[in-house]
Amino acid sequence: MATLEDKILGEKLHNYCSSSEDEGSEDEGSGDEEKTIKTSVTAEPPPVNNWNGSASNTGPKGVLEDWRRFKQLEAENRKELERERIALAKKLTLTVKTEAEDDADKERDEIEDELNELIDEGFLMKYQQQRMQELMAKLQKAPKFGKVTTLKSQDEFLNAIDKEDPKIAVIVHIYSDKKRACQTMDGCINVLATEYPTTKFCRIAADITGLSRHFRVDGVPALLVYKGGQVIGNFVKLETELGNDFFATDVEKFLIEFGMLPEN
């Protein structure tokens, strides 16, 4: 039977003989002559096989490589089993509920069942009507404008901004009668004032504002947007942006793009 040493170092073949000398025997017919016969039979080297995933008789190096591979696979299997064990423990931790949690779930289910019994079609209809009345009341309280207000002095300009509800957006058109684009802008804001009745539209001549002559000539038409007494939009020299001929939809799109008007 092969020993562990044989397994590690390679088994000896059955026809292996060491190269030792055998004592010669005297030949009766030759007298005193001695014939020494030396025999040496050497085993053929085992074939060399490349590693194909299974162990083979490849000598010490091959056996050691097989052993290392076996240990590597064994370690990987242990790691995989450990990962599965941790994942299972986490899953059980998340799914297992305490008795108190079960009681809380039962109580919540009972309350939901009772609410479902109470909320019938008649109850929902009554609630919808009540909610609609509340919303209509809020709309009625909100100030409505629907037209453009012409401001004739600096005091009117300041009062229109500072004394207005902080929730109301105030859009002021600064114009000059000598500019064609300003006349076009007047027509546009008249249309927008009717479409956005909760937004306050005003107009004031550039000469009244006390602004510089350069602004009165090149800065108009201009749209200034205020909320809570603070300017939130400042669009000057819109002739460059819109040209002389434009429509209310163009101004509307421009103001919506900058967040100055709500989308209808």
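That block above? That's the structure.
This one's a predicted model, so the numbers in the text were calculated from it and none came from an experiment. (Residues numbered from 1 in each chain as written. Predicted model: local features only at pLDDT ≥ 70, side-chain atom pairs only at ≥ 80, totals over all residues. Heavy atoms only, no water.)

Caption draft 1: Layout of unusual backbone geometry. Across the junction of V220 and P221, the peptide omega takes the value 0°, indicating a cis bond. Looking at the element boundaries, P221 is found in the loop between α8 (213-219) and β4 (222-227). Even without being glycine, K237 reaches a positive phi, approximately 55°. The topology assignment puts K237 in the loop between β5 (230-235) and α9 (238-242). (Helix = DSSP H or I, 4+ residues; strand = E, 2+ residues; numbered from the N terminus.)

Caption draft 2: Up close: the packing of aromatic side chains. Per the counting criterion, the structure on display carries 4 aromatic pairs. Ring geometry for F235 against F254: centres 5.2 Å apart, planes inclined by 75°, an arrangement best described as edge-to-face. Linking F235 in strand β5 with F254 in helix α10 (residues 248-257), this pair joins segments that are 19 residues apart in sequence. A single burial state applies to F235 and to F254, both of which are buried. Relative accessible area serves as the criterion here: at 10%, F254 is assigned to the buried category. (Phe/Tyr/Trp six-rings, centres within 6.5 Å; stacked < 30°, edge-to-face > 60°. Buried < 20%, exposed > 50% of the residue type's maximum accessible area, 1.4 Å probe, protein only.)

Caption draft 3: A look at a negative patch on the surface. A cluster of acidic residues, E99, E101, D102, D103, E107, D109, E110, E112 and D113, forms a negative patch at the surface. For E112, the position within the fold is in helix α3 (residues 99-118). (Patch = residues over 30% accessible without salt bridge, like charges linked within 9 Å, V, L, I, M, F, W, Y side chains within 5 Å. Areas by Shrake-Rupley, 256 points an atom, 1.4 Å probe, with all protein chains shown as cover. Salt bridge = Lys/Arg side-chain N within 4 Å of Asp/Glu carboxyl O. Lys, Arg positive; Asp, Glu negative; His and termini not counted. Charge placed at Lys NZ, Arg CZ, Asp CG, Glu CD.)

Caption draft 4: A look at the pairing of β4. Taking burial as the measure, the 6 residues of β4 include 5 buried ones, the bulk of the element. Examined bridge by bridge, strand β2 (residues 169-175) and β4 share 6 bridges and lie antiparallel to one another. Across the sheet, residue I174 finds its bridge partner in β4, namely A222. Looking at chain direction, β4 and β5 are connected through 5 bridges and run antiparallel. Bridge pairing links V225 to G233 in β5. (Pairing = 2+ DSSP bridges.)

Caption draft 5: Representation of the layout of surface pockets in the model. If you add up the space inside the second largest pocket, you get close to 240 Å³. Y175, S176, D177, K178, K179, A205, A206, D207, R213, R216 and V217 are the residues that line the second largest pocket. For the lining of the second largest pocket, the element with the highest residue contribution is α8, accounting for 3 residues. When grouped by side-chain class, the residues that make up the lining of the second largest pocket number 4 nonpolar, 1 polar and 6 charged. (1 Å grid on protein atoms, 1.4 Å probe; cavity = no way out; pocket = protein on both sides within 12 Å on 5 of 7 lines; lining within 4 Å. Points joined across faces, edges and corners; volume = space filled by probe spheres on them. Nonpolar A, V, L, I, M, F, W, Y, C, P; charged D, E, K, R; others polar.)

Caption draft 6: Highlighting the side chain of D186. Summarising the element assignment, D186 is placed in helix α6 (residues 180-195). Overall, the relative accessible area of 15% leaves D186 in the buried class. In contact with D186, not counting residues within four places along its chain, are H173 and R203. (Contact = heavy atoms within 4.5 Å.)

Caption draft 7: Just the sheet that holds β4, in detail. Taken in spatial order, the 5 strands make up an open sheet running β1-β3-β2-β4-β5, and their pairing is mixed. Where the open sheet ends on each side, the last strands, each with one partner, are β1 (148-151) and β5. With direction set aside, neighbouring strand axes in the sheet form an average angle of 25°. As defined by bridge partners, β2 adjoins strand β3 (residues 200-205) across 6 bridges and the pair is classed as parallel. Note on β3: the bridge partner recorded for I171 is F201. Taken strand by strand, helix α5 (residues 154-162) contacts β1, β2, β3 and β4, and its axis lies near 140° from that of β1. (Axes fitted to C-alpha atoms, helices over the stretch in contact; angles between N-to-C directions.)

Caption draft 8: Region of interest: the nonpolar core. Core analysis: the biggest nonpolar cluster contains 22 residues, and M185, F201, V251 and L255 have the highest contact counts within it. At the level of elements, α6, β4, α9 and α10 are the ones that each hand at least two residues to this core. Among the elements that take part in this core, α6 stands out by supplying 6 residues, more than any other. Discounting residues that sit within four places of it in the chain, F201 has contacts with K147, V148, T149, I171, I189, L192, A193, Y196 and L261. In terms of nonpolar packing, the next biggest core, distinct from the first, is built from 18 residues, C182, A205, A222 and L224 among them. (Core = buried A, V, L, I, M, F, W, Y, C linked by side-chain atoms within 4.5 Å.)

Caption draft 9: Representation of the pattern of salt bridges. Tallied over the entire structure, the rule returns 6 salt bridges. Among the ionic pairs, R83 bridges to E80, the shortest N-O distance being 2.5 Å. Taken together, the residues span about one helical turn, with R83 and E80 both in helix α2 (residues 59-95) at a distance of 3 residues. In this structure, the salt-bridge partner of E239 is K179, at a minimum N-O distance of 3.2 Å. Of the two residues, E239 is situated in helix α9 and K179 in the loop between β2 and α6; the sequence distance between them amounts to 60 residues.

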